[in-house]
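Here is how the chains run, residue by residue.
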Amino acid sequence: MSEGIDRDRFKRQQRNLARKQRGRRWILLIASVLAVIVAGTLAYRWFKGQRAERFAAAGDALVAADKWNDAAVQYRVALQLDPSNYHGLSGAARLASKAERPEALELWQKVLALPQCTIRDREDYAELLIKTNRLNLAEKAIDPLLKDNPDTKALQLAARYARKIGDNVKAGEYLRIASKRAPDDDAPRFQLAEVLAQSTDAADQAEARKILWELAARANLYKKAAVEALGAAPELTTDERKRLLQELMALTPKTAKDDLLAADMRVQLQPDEAARIYREEVERWRNGQSQELLDLARWLNAHQQPELVLSTFPVERTLEDNQLLLARLDALATLQRWNDIDGVLNRTDVTLDPSVIESFLARTALERNANLDAEVHWNHAISLAGSDPYKLRFVANFAEQSRATAAALKAYEQLARFPEHADFAYRGTQRVSQRSGDTAAQRAAMSKICARAPEDPNAADQLAYLNLLLGEDVDQNFAVAKKLAEQYPNRLSYRVTTALGYLRQHDPASALAQFKGPVSIDWKRTLPAWRAVYAAALFASDRNDEARTIIATISRDRLNPQERELIESPQRSN
């Protein structure tokens, strides 16, 4: 019986062993299948990643060849294959930034989330934020770049940010550091000269000219830019003009613009020979290429030589180039030959855009005091340009230059419907309203600018200033002005707004204290509105003689009604 039991136990053991072996085989089989699946998945991902890399590299090559649309397709395919592909994301972000596409910001944020993100990526992201006026984000992006031995580009970005918020003193500091760290890099030195040239301090302007002269003496990328900047610099001595003329004559290759800038110097040095110099430039460039002819025509118009423009560029010749035709029309307008302008515009072979033709017809009607005809032409011009923002920009700008206030405001209002042109339109509205003295319209335009760019301190300051001028929400706008002045103490415009706030709060002593900055103010170089606020603070502090001295330097037609009231009421009461 025991033998039977042993046999049964043995059989059970054999069956258990067989089951275990079958279980192991199934486990091994499943494990093998899973391994194959994982390996296949990894191989597939690797293969997709490699394909994505190839498409991204193709996108880079197309960008280098300026084939942006084709490059965008390659980057898009790369990201479809691998949405987190660093090469594809960074390439697409840079391309979108160059093309000013709205998706650039989102692409850069994805790049920054990747472990492969580089300092260059962070700098390019910060550059986009500065360019698009996302200043709060830009500050957060730049601050880390300035830690741990920042490179030259990081310092230049910090300087650009500082200039955007109006702190040129800080911008100069960053650029000085960048110049010292990279003495062979002329870019920060040229930018430093630009910052110093904008200063009201004579010493800063002199330093700017010194830097530009040093750059002009070196044969490199910035030589020409430095020479051209010196050509526009005020207060050049006779010796400096002579030296600049030599630098211009030595430029190679020399373009028409270079030669015409040299002619500017010659006219300044030899004003009695101006007529001869104009004729020489005409003879030198009258048979040039299209751009050279256009440069010559515009230069002659800028020098108030409309007769030379007309004799050099007959109407038949200008009909071949619309830009040249516009220069001829400008010359006719300078001479007030409105009938001749009408005659040109009514020709059947004129190929100017209809909105441009209507704008000129409106201008000629305006000059003849045919206001109703002018209004009809302006409305027609705006209607014709209505679906094209660039045509609207022309009509709006042309109406603004023609002092056609209502037409300019209407064109800018139409332009503001295009989101990418809205800021340009609102600033145009603000300028036109300021010129017309309509402070409420200025304030409305600035409100829209602030709503679109809430991070822009300059816009916030200007809105606070206009509200304080109108006496609206004084406490709230005064608080905004004080905060900006405390944050940016070197920005005179912010201190002016704060001074106006103190005046609205009947605190003249504090208003006057805003003008006691670390640097003395050269009032002759400041805006008339700022002088008006300063004079009002002087009046309110019983410093009437000083106030009248300042007022004597102000052109009243450059003030709006509320600014004139600031300085007229105290005088009437005295």
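Residues numbered from 1 in each chain as written. Predicted model: local features only at pLDDT ≥ 70, side-chain atom pairs only at ≥ 80, totals over all residues. Heavy atoms only, no water.

Visitor: Help me understand the overall build of the protein, please; the structure alone is not making it clear to me.
Guide: Helix and strand content of the protein: 32 helices and zero strands. When contacts within the protein are restricted to residue pairs at least 6 apart in sequence, long-range pairs at least 24 apart make up 50% of them. Taken as a whole, the protein presents about 30800 Å² of accessible surface, with 51% of it coming from carbon and sulfur. (Helix = DSSP H or I, 4+ residues; strand = E, 2+ residues; numbered from the N terminus. Contact = heavy atoms within 4.5 Å. Areas by Shrake-Rupley, 256 points an atom, 1.4 Å probe, with all protein chains shown as cover.)

Visitor: Would you take a moment to explain helix H3 (residues 86-98) for this structure?
Guide: Residue pairs three or four apart in sequence face the same way in an α-helix, which turns once every 3.6 residues. For H3, with 13 residues, the first-to-last C-alpha span of 18 Å sits near the 18 Å given by 1.5 Å per residue. A large share of H3 lies buried, amounting to ten of its 13 residues. Along H3, the residues classified as buried are Gly-88, Leu-89, Ser-90, Gly-91, Ala-92, Ala-93, Arg-94, Leu-95, Ala-96 and Ser-97. Regarding H3, its N-cap is Asn-85, as a side-chain oxygen of that residue lies 3.2 Å from the backbone nitrogen of His-87 further along. Once H3 finishes, Glu-100 follows within two positions and takes phi at roughly 55°, a positive value. (Expected span 1.5 Å × (residues − 1). Buried < 20%, exposed > 50% of the residue type's maximum accessible area, 1.4 Å probe, protein only. Polar contact = N/O pair within 3.5 Å; in protein donor to acceptor, adjacent residues only side chain to side chain.)

Visitor: I keep staring at the packing of helix H25 (residues 439-452) against helix H26 (residues 457-470) and nothing clicks. Help me out?
Guide: Each pair of packed helices can be summarised by the angle the axes make with each other and by the distance between the axes. Relative orientation of the contacting elements H25 and H26 amounts to 150°, with a least axis distance of 9 Å. Taken as axis vectors, H25 and H26 run roughly antiparallel relative to one another. The interaxial crossing formed by H25 with H26 has left-handed handedness. Along the contact surface, H25 presents Thr-439, Ala-440, Gln-442, Arg-443, Met-446, Ser-447, Ile-449 and Cys-450, while H26 presents Ala-459, Ala-460, Gln-462, Leu-463, Leu-466, Asn-467 and Leu-470. For the contact of H25 with H26, a count of residues per class yields nine nonpolar, five polar and one charged. (Axes fitted to C-alpha atoms, helices over the stretch in contact; angles between N-to-C directions. Parallel < 35°, antiparallel > 145°, perpendicular 65-115°, else oblique. Left-handed = near helix turned anticlockwise from the far one by under 90°. Nonpolar A, V, L, I, M, F, W, Y, C, P; charged D, E, K, R; others polar.)

Visitor: What am I meant to see in the environment of Val-169 here?
Guide: For Val-169, the location among the structural elements is in helix H8 (residues 168-181). Residue class for Val-169 comes out partly exposed when judged on its relative accessible area of 45%. Val-169 sits 322 residues away from Arg-491 along the chain, and the two C-alpha atoms are 8.9 Å apart.

Visitor: Any chance you could explain the packing of aromatic side chains here in plain terms?
Guide: Two aromatic rings are characterised by how far apart their centres lie and by the angle between their planes. Taken as a whole and assessed by the stated rule, the structure comprises eleven aromatic pairs. When the centroid spacing of 5.7 Å and the interplanar angle of 65° are considered together, the rings of Tyr-488 and Tyr-494 count as edge-to-face. With a relative accessible area of 8%, Tyr-488 lands in the buried category. Looking at Tyr-494, the relative accessible area reads 0%, which means it is buried. (Phe/Tyr/Trp six-rings, centres within 6.5 Å; stacked < 30°, edge-to-face > 60°.)

None of the figures reported here should be taken as evidence of function without further support.
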